[in-house]
Every structure is written in C-alpha cells, then in structure tokens.
Amino acid sequence: MIEPYERVMAARAKDRPTSMRFIENIFTDFTEMHGDRRFADDKAIVAGIARLNGMPVTVIGLEKGVELKEKVARNFGSAHPEGYRKALRQMKLAEKFHRPVICFVDTSGAYCGIAAEERGQGQAIAENLMEMMTLKTPVVSILIGEGGSGGALGLAVADQVWMLENSVYSVISPEGCASILWKDSGKMKEAAACLKLTAEDLFSLGVIEQVIPEHNGDFEQVYADLQEKLYKVIRTNLQLPTETMLENRYARFRKIGTAGL
Amino acid sequence: MLPKDLFKKPMNTLESAYEKLTKTAAPDVPSEMCTSCPGCRAMLFTSDLSENDNVCPKCGHHFRINARQRISIIADEDSFQEQNGDLRSKNVIGFPNYDKKLKHAYLDSAEKEAVICGTATIGGWPCCLFVMEPYFMMGSMGTIVGEKITRLFEYATEHHLPVIGFTVSGGARMQEGILSLMQMAKTSGAVKRHSDAGLLYIAVLTDPTTGGVTASFAMEADITLAEPKALIGFAGPRVIEQTIRQKLPAGFQRAEFQVEKGFVDEVVPRREQKEYLARLLSFHAPLPHNTDTEEAQAE
C-alpha cells in the first residue's frame, strides 16, 4: 500500500503537470481571459473559453507555474481574492452563454497575507461557494494535485468532483495539522494518515465521484481519459432540466456528513 | 537577511504579547469575585461585569461569553425554542484523540456541539437564531455544526423566517478531515436557497470568526454586523505572520478594520445589539398581505 504522505509528495512533485498542461491537452482553442473587473488579474488562476470535442466550455484552473519566474508570478498557485472573483466572473459568463464549466484544482491553499485579508479572502471564497451551488450550467471540478482547504473548495462546488489517483484534498495541510496536534510539523506523515486525504479515502467517504487513474505517470493517457469522461458527463448533465441538475448538486453536498443521523 | 532568519519565529508573537499583558495586570485577588479587564486593566467585580452583559463598564471591552448567555441577551425572555439539540459528533474518520477531545469540549461548555440553533423572537419579531459556542472546541465546524446550521436555514426557508446568526469559530474542525471542509459548501448551499427565497439573513461576527466559517456562512449574510474589536479573518494572525514573516499592524483584522475595508456593515456593541436587530427585522417585516396591489386595483 502507498502511504498517504507519499501521495502528498506525489501531488506536490515538481514535474507534475499543472493546470495549463491539462487545459492544453484536453481542450482546443483555449482563449484566456484576464481580470476580475474589480481590482486586478490574479495569475494564480487561469480562466478562459475553450472547446471540448468542439463544444464551447469555460475552463478555470489554479496554476502553480513551471519555471521559477513563472511560479513567483503565479504566487505558487495560491490565489488572492481577485483570483476567486475572476473565476466567478467567468462562471457567470458561462451561465449567461450556456457553457459548461470545468475547474482544475491545484493549490496548497488560498494565500494568507495582508493584502488577501484586506480584500476579503474569506468573503471571496464564500461567495463562490454560494454562487457555484446555483450556477445554472453544468460544473465539473477535477483535483489534479494539491487540494488545499478553502482555497481548493472555492473552485470545487460542482455536479461532480473527481480526483487524480495521486492528488490529495484536505481541510488542512499535514504539516499544519501536525504542528497543531503535536506541536511538531515534522510529524506530517502521521498527520497525513489521520486526515484521510487521498483520492481513495475521499471516494470511500462519498466526497468524490471518481478516482482518475494516472497510468504510472502516462499523462497523455490521463488527458485522453479526462477528455472522454468530461464530454460524457457534461452531455448527460446538459440534457437534465436545470432544476433537476441544481437539485442534484445541492443533494450531493447536503448528504455529506449525515451518515447515521 | 541571513538565510537562517527565514526560519526564525517572530519575536513578538501574539501569545507573548498577551502573556506580558496578563502577567503585569493581575494582582492577587480571588478570581471568582474579581476580574481584571484585558482592555483597561481595571479590576471589576464579576457580578457587576455579568450584570453588564460581560462588557467592561469602564472601557467597553467585550468579554467572551457562551452561547446560552448570548441567547438570553438577544432573544426575548422564554422565546427561544431549541432545535436539533441532541445531535452530537462522532469520530467518523477515526481521528486520534478526537473522542477524548469531544468529551472535554462537552465538560468545558456543557453543550453537545459548537452551535445552538432554534427559533426565537427578538423585540417581538420571530426569527431563526443560531449562536456558536466558543467553549466547545472554539466553535469549530464539523459535520454536526454544518448539519445544524443547514437544517436551520432549511427550516427558515420553509417557514419564511429570517435568520440571525452569531458566529465565533476557529474554522473548520480538523478532526473530521475533509468532511468538515465540505460543510462549508453544504451550509453555503442552504444559505443561498434561503436568500433566493427572498428572506433576510443577518450575521453578527464575534471574537474570533476565522477560517472555514469566515469563508462560508459568516460572510454570506445580507447584513453583516460585528462586535467591537472582534477578530475577523480568513487566515488567523499567527498563520499570516508566519507566512509573511512580519508583525501585523495593530487593529489588523479587527471589526473596525473590516468596516473600513468594506466587509462589515456596522460595529454594534453587545448591549445595543438586541434593539439594533429588532429594528433591522422590522425593516424587513413582510408587508401586510397584498394591500399595495389592492389599493392599486381600487384606483
């Protein structure tokens, strides 16, 4: 069995493809859009319009960057409030033009800094959670690497949430958990095991619909799989009456944590 | 800066500042009779303090109070009817020591969970009311907190009632892992449905409101109020200081700061809250049935 912390390491691995690789390989004609119209353009989130098997879709991704310079520009994939607002703006446009939304999640968390607080990090994420719950167009979110707490959830209220085999999704980082529990961030391995943060764990807890196999690192095959799966589920959801789709989305989250009540 | 300094703990942590303050300010007096105010260091009779709703009569410092005290301050006498009061958390993901922690939280707070929900009247106006409990794991949100708040908003939507919510929380409850995080989405969904039904939600943020609660239902209200000097933020100050390796300016993330930055409508002192809430409820009271249209038709 693979230890949970090994999954954390794999999810954070330097050579792991970031959102842009997924976007380039799954879609065609990706056309990027910038800015939240309120403050700035947050490069930690990429957003735009593309085609999925010819169908126009809105694509949003938390992007960590590849080269050091790019990583710095993208704040290592930790978004500020304007990033979440930029994503929401694109989602609202998607709703207006009846485009399905696909989100790629890969972040250690929403940024914790002075400017982020001044501009309402909590409020920005909260608004996304509310608005995504009733967005009148199909939404699918895929965790491709790190799913860091509220910063990940801010793009992961969807009809379906999938996780790549080596991605993780957690309420707190294993290091953060260890330092709170044992006052020792070095015990992240134990913490990772306690938190139940692997794709398998989340699948068995009923939090995600699918674990996407990574075929031993053959991402060409992952992209092909995702393209097929996304197209299929979006086509199915597009045929549902909007009300039914939103009812299902609400019920999907409503049932979490109700076992045995 | 030397590379080793990157890993240095800031000299002025909040704890040490607090320790300094409390150490210098506490003469030897029986603690049950007297309380020293952390705001102005005055020695106060505990009885005077509790008569004043635990607000320092000298400087206005708001002491932390438990959820039942808050309900008695806000709700009309005997109007509060609790709902889902028997729901209790279980150690769903088998987190180490969580059972013990829950037992301690129960002993510390005499509550079964970190939020109390129900219906009440405030100045005669009926509403749904939730009040988070700071002495139960610092109001952290696990599955039961999420469930109770969701049920309250669903009840309010069904019965066309406004919701008043007092938040105090360290954030999502780590011991329930991803299930806690999902409560942010679940509660947000229920708030949205309540809002889409045209109903009023007022949040009163009290010290501290942080993390997953800030990033969900605390920041989703139509009207957002806060208690004076309450700490309100997404990340806690310690986490920010560790991230940016600087000390934060005084007043950062306090209620007054959030008003200045545009995230809170008004700071309302505890002793004025009931009247303030009643007035807001009256503004949003349902209009007498159809009189407008009938008058229009008569014309």
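In this convention, every chain numbers its residues from 1, walking through the sequence in written order. Throughout, the order in which chains and ligands are written sets their labels, letters from A for the former and numbers from 1 for the latter. Side-chain atom pairs in this predicted model are given and counted only at pLDDT of 80 or more, local residue features only at pLDDT of at least 70, and totals for whole chains, interfaces and linings cover all residues. Side-chain measures were taken over the full set of non-hydrogen atoms in the model, leaving aside hydrogen atoms and water.

Trainee: Could you clarify how one ought to interpret helix 5 (residues 143-158) of chain B in this entry?
Mentor: All names here are of chain B. Helix numbers and strand numbers start at the N terminus; a helix is a DSSP run of H or I with at least 4 residues, a strand a run of E with at least 2. Expected helix span is given by 1.5 Å per residue-to-residue step, counting one fewer step than there are residues. Taking 1.5 Å of rise per residue, 16 residues should cover 22 Å, and helix 5 covers 22 Å from first to last C-alpha, within 8% of that figure. Burial classes follow relative accessibility: with a 1.4 Å probe on protein chains only, a residue under 20% of its type's maximum area counts as buried, one over 50% as exposed, and anything between as partly exposed. Here helix 5 has its buried residues at T143, I144, V145, G146, E147, K148, I149, T150, L152, F153 and A156. Taken from the residues just after helix 5, H160 is the one with a positive phi, measuring 50°.

Trainee: For this particular structure, what's the right way to read the interface of chain B and chain A?
Mentor: It is common to give the size of an interface as the accessible area that goes away when the parts come together. Every residue pair with non-hydrogen atoms within 4.5 Å of one another is taken to be in contact. Taken together, the 50 residues of chain B in the interface contact 48 residues of chain A. Once two parts are put together, the accessible area they lose, assessed with a 1.4 Å probe and summed over both, is termed the buried area. Considering only the surface of chain B that becomes buried against chain A, B:M174, B:I178 and B:F234 emerge as the three largest contributors, covering 16% of it. Only one rule defines a salt bridge in this text: a Lys or Arg side-chain nitrogen within 4 Å of an Asp or Glu carboxyl oxygen. Where chain B packs against chain A, one counts three salt bridges. Where A:R254 meets B:E147, a salt bridge forms, and the shortest distance between an N and an O atom there is 2.8 Å. For this analysis, a polar contact is any N or O atom pair within 3.5 Å, provided that within protein one partner can donate a hydrogen and the other can accept it, and provided that sequence-adjacent residues contribute only side-chain to side-chain pairs. Across the chain B-chain A interface, the total number found is eleven residue pairs in polar contact (both at pLDDT 80 or more). Within the residue set of the side of chain B that touches chain A, elements represented by two or more residues are helix 5, helix 6 (177-196), helix 8 (237-244) and helix 9 (255-261) of chain B. With 18 residues, the top contributor of residues to the side of chain B that touches chain A is helix 6 of chain B.

Trainee: Would you mind going over a nonpolar patch on the surface with me for this structure?
Mentor: Residues and elements named next belong to chain A. To count toward a patch, a residue needs a relative accessible area above 30% and no salt bridge. Like charges then connect within 9 Å, nonpolar side chains (Val, Leu, Ile, Met, Phe, Trp, Tyr) within 5 Å. In these tables, accessible area is a Shrake-Rupley quantity obtained with a 1.4 Å probe, and a residue counts as shielded only by the protein chains included in the view. Taken together, the side chains of L68, V72 and F76 make up a nonpolar region of the molecular surface, amounting to roughly 310 Å² of accessible area. Relative to the elements of secondary structure, F76 occurs in the loop between helix 3 (68-73) and helix 4 (81-96). F76 sits in the partly exposed class, given a relative accessible area of 43%.

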